[in-house]
Amino acid sequence: MQEDAEAKTQQLQNFQSDDLLEKLKLLNYEKHLLREYKLKPLSRFYFVKATNPGEQFFMFTLICWWLCKKLGKDMERPQEHDDPNTVIAKIIQILEEIDVPVEFAPNKLIRGAGPICLMVLDVLATQALKVTNVNYQRLHIVQEEEFVGDYLEDNAEIILEKLEDEQNAAALSDDSDLELEAHNFKQLNWLNRQKRAMGDMPASATDEQSRELNARLSDHQEWRLELERVLQQLKVFVKADARDWRTHISQMETLNTGIANVAESTQTQLKKLHSEFTFSLEKIESREKHLNNELQQLIQQYKELSIELSTVQYAQTQLQTDSEQQMTQLSEVMAEQELKKQEMERRGQVMSDGSSVQQIKKAIVKLKDDIAQLNLEVALLVHAHDQDTVRQTLGAADQANN
């Protein structure tokens, strides 16, 4: 029972894959996707089983992107080096936007094949067909023109000796067969031409010649003599049909014979080339082994020197880094020294020319002026306050006297 269930599941997946490829062909994916991006055509069961997960996942995401573009969804074209989880998340987001239930784990799409991938591609292809409005037309079968090729023309003429053998074999049959052969013989081209020639004669002469001819044909010996007389001028052309399977078989036999004739010489040449290539490869391999044996010591020395060179280069790099750091520190120290020197020069110049003492004297004079000004303002304020006090006292005395 389990094997039957697995077989039915496999058949269902095969049918889904075949149906998916037909939908993609209706969308003309071979022209707009495969040729544009120079991809290989897909087999009918490409997404049924995971055989090359990396390639199949890239093809799966690329077809999903193309179908999403057909649906008018904005999705960046996937690249081979993109993160699979990011691409799968974008595909699932678009499925949710078109109201497709996502009832599977996203990591099942990483394989690029299987029933889940087939389901996703089938849903997107179906929606793309609905958006594209693919129209179906009635099948129109074009009638092929009938022609007689050169091959058929060369082989249409019946060999006269073969025809004589057939007639001799017919002579040995019974009387009914003779009558049938005689009737068929009347339908041949030479008899028809003779009848057309007789049509130009009067009716009485035609009837007389017809009776005479029938009388002659009724006798077997006369019939054979008549056949031998016209046999040299008798040619039968067969109108061949290009769709006839016999024509195809004869062509296949001819081509097979030609291939067989060419294959013998080709196989001989291929065997010769194979032997030459084998000899050259063996010679190259022996030379390579000899060179490896001869250069083994030099290669070992080269490896040791390469390791030593790498060590020296690393030490040199470290020394260059340390020297650069020390040069930077030296520049900082020299800049600081220059600033100190300028400051000391400025202070020495100030101490030598006595400008500081003069500045101090000027500051003292200014302070004295400020103090005198403040004393005057204080005296004025005290005088004004005394006047106010006297006025208030006088006013109070006047009020008391009154």
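Residues numbered from 1 in each chain as written. Predicted model: local features only at pLDDT ≥ 70, side-chain atom pairs only at ≥ 80, totals over all residues. Heavy atoms only, no water.

### Some points on the overall build of the chain
Now for step 1: Summing up its helical and strand segments, the chain has 14 helices and zero strands in all.
Now for step 2: Counting only residues that meet the buried cut, the chain has 19% of its 402 residues in that class.
Now for step 3: The contacts of the chain with a sequence gap of at least 6 include a subset with a gap of at least 24, amounting to 65%.
Now for step 4: Per element, the accessible surface of the chain, about 31,700 Å² overall, is 54% carbon and sulfur. (Helix = DSSP H or I, 4+ residues; strand = E, 2+ residues; numbered from the N terminus. Buried < 20%, exposed > 50% of the residue type's maximum accessible area, 1.4 Å probe, protein only. Contact = heavy atoms within 4.5 Å. Areas by Shrake-Rupley, 256 points an atom, 1.4 Å probe, with all protein chains shown as cover.)

### A look at the confidence of the model for the chain
Now for step 1: Summing up the model confidence of the chain, the mean pLDDT is 77 and the portion of residues at 70 or higher is 74%.
Now for step 2: With pLDDT under 50 throughout, residues 170–192 is counted as low confidence; its partners more than four residues away or in other chains account for 25 contacts. (pLDDT = per-residue confidence, 0-100.)

### Quick look at empty space enclosed by the protein
Now for step 1: By the definition in use, this model includes one cavity of 30 Å³ or more.
Now for step 2: Roughly 40 Å³ of internal volume is contained in the largest cavity.
Now for step 3: If you go around the largest cavity, the residues you meet are Ser17, Leu20, Leu21, Leu24, Leu42, Ser43, Arg44, Tyr46 and Phe47.
Now for step 4: In terms of residue class, the lining of the largest cavity is built from six nonpolar, two polar and one charged. (1 Å grid on protein atoms, 1.4 Å probe; cavity = no way out; pocket = protein on both sides within 12 Å on 5 of 7 lines; lining within 4 Å. Points joined across faces, edges and corners; volume = space filled by probe spheres on them. Nonpolar A, V, L, I, M, F, W, Y, C, P; charged D, E, K, R; others polar.)

### A look at helix α12 (residues 245–294)
Now for step 1: Along its 50 residues, α12 runs 68 Å from first to last C-alpha, staying within 8% of the 74 Å computed at 1.5 Å per residue.
Now for step 2: At Ala263, α12 shows its largest bend, some 30°. (Expected span 1.5 Å × (residues − 1). Bend = angle between axes of the 7 residues up to and from the residue.)

### Focus on helix α5 (residues 115–132)
Along an α-helix, residues three or four apart share an orientation, since each turn contains 3.6 residues.
Now for step 1: With 18 residues, α5 ought to run about 26 Å at 1.5 Å a step, and its terminal C-alpha atoms sit 25 Å apart, in line with that.
Now for step 2: Taken residue by residue, α5 has Cys117, Leu118, Val120, Leu121, Val123, Leu124, Ala125, Ala128 and Leu129 as its buried positions.

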